[in-house]
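Each chain, letter by letter, is given below.
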Amino acid sequence: MAPEVLSGGPYNHAADWWSLGILLFSLATGKFPLPPEQDHCGMLRRVRSFPYEMPLSLSPPLAMLITELLCKMPARRLRTLDRFQRQTFFRGLSFDQNLLQRHPVEVILELRERPDRAAKARRGLALSLQPFNGFDYDSILSPPNTPDAQLQGAAPRREVFV
């Protein structure tokens with residue numbers, strides 16, 4: 001959580017930009033920027049005093065983006081879409097609003113037009129789970145245990161409402 005959220009003070013959308021910085025750091029490094037604490041007060045102390053060090057494995061533009069998102073002072077934090085898009089990390093990328101809004105809609109409409117989408121989705125689920133060795137696929141792919149299925153052959157149960 002952003003320092004202003006942990007402190008219980010007023011906060012705004014800048015806290016969401018902080019969360020994006022934590023998410024990007026975690027995705028890029030595979031770990032959180034600082035270890036957790038048992039309680040909010042301890043975590044607030046750690047967040048306020050922790051010097052965020054970017055791993056050398058991160059590209060300078062990505063490290064700068066994350067650094068600006070993890071600024072401890074909300075007023076100085078990267079917190080607008082315009083500033084976000086102008087970051088060096090995104091140089092050369094298009095933020096065309098029509099393209100960003102149109103493409104997902106076309107995919108959804110295409111899926112709605114296909115009557116076999118449920119069958120294909122089930123096949124895709126089964127295929128996508130294969131890389132997890134030692135995982136119990138049967139528990140996920142079998143029909144769920146419903147209360148009716150569990151009661152078959154069992155004595156009727158009496159429920160008491162108080």
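Here the structure is a predicted model, which means the values were calculated and not measured. (Residues numbered from 1 in each chain as written. Predicted model: local features only at pLDDT ≥ 70, side-chain atom pairs only at ≥ 80, totals over all residues. Heavy atoms only, no water.)

Draft legend 1. How the structure looks around the overall build of the protein. For the protein, the count of helices and strands is nine helices and zero strands. Expressed as a percentage of its 162 residues, the buried residues of the protein come to 22%. At a minimum sequence separation of 6, the contacts of the protein that also span at least 24 residues come to 48%. (Helix = DSSP H or I, 4+ residues; strand = E, 2+ residues; numbered from the N terminus. Buried < 20%, exposed > 50% of the residue type's maximum accessible area, 1.4 Å probe, protein only. Contact = heavy atoms within 4.5 Å.)

Draft legend 2. View of the side chain of Arg77. For Arg77, the location among the structural elements is in the loop between helix 4 (60-69) and helix 5 (81-85). Engagement of the side chain of Arg77 in a polar contact is seen with the backbone oxygen of Ala14, the distance being 2.9 Å. Within the structure, the side chain of Arg77 is placed 2.8 Å from the backbone oxygen of Cys71, a separation counted as a polar contact. For Arg77, the residues in contact, after removing those within four places along its chain, are Ala2, Pro3, Glu4, Ala14, Ala15, Trp17, Trp18, Glu68, Leu69, Cys71, Lys72 and Arg83. (Polar contact = N/O pair within 3.5 Å; in protein donor to acceptor, adjacent residues only side chain to side chain.)

Draft legend 3. Quick look at the confidence of the model for the protein. Within the protein, residue pLDDT values average 75, and 59% of them lie at 70 or more. Within the protein, the lowest mean pLDDT, 50, falls on helix 9 (residues 147-151), and the highest, 94, falls on helix 4. Note on residues 125-130: pLDDT is under 50 here. Beyond four places in sequence and across chains, it has six contacts. Contacts for the low-pLDDT stretch residues 153-162, under 50 throughout, to residues beyond four places or in other chains number one contact. (pLDDT = per-residue confidence, 0-100.)

Draft legend 4. Main features of the environment of Arg83. Tracing the sequence through the fold places Arg83 in helix 5. Non-local contacts of Arg83, meaning those with residues more than four positions away in its chain, are made with Glu68, Arg76, Arg77 and Leu78.

Draft legend 5. Just helix 4, in detail. Inspection of helix 4 places Leu62, Ala63, Leu65, Ile66 and Leu69 among the buried residues, and these make up the whole buried set. In a view along the axis of helix 4, the buried residues occupy a sector of 160 degrees, so they form one face of it. Tucked into the core, helix 4 has its buried residues touching helix 2 (14-29) and helix 5. (Arc of directions from axis to C-beta.)

Draft legend 6. Region of the structure containing the pattern of salt bridges. Enumeration over the complete set of coordinates arrives at four salt bridges. The residue Arg77 makes a salt bridge to Glu4 at a minimum N-O spacing of 2.7 Å. Of this pair, Arg77 sits in the loop between helix 4 and helix 5 while Glu4 sits in helix 1 (residues 3-6), and the two are 73 residues apart along the sequence. For Arg77, a relative accessible area of 0% puts it in the buried group. On the basis of relative accessible area, Glu4 is assigned to the buried category, the value being 9%. Residue Asp82 is joined to Arg86 by a salt bridge in which the shortest nitrogen-to-oxygen separation is 2.9 Å. Relative accessible area serves as the criterion here: at 45%, Asp82 is assigned to the partly exposed category. (Salt bridge = Lys/Arg side-chain N within 4 Å of Asp/Glu carboxyl O.)

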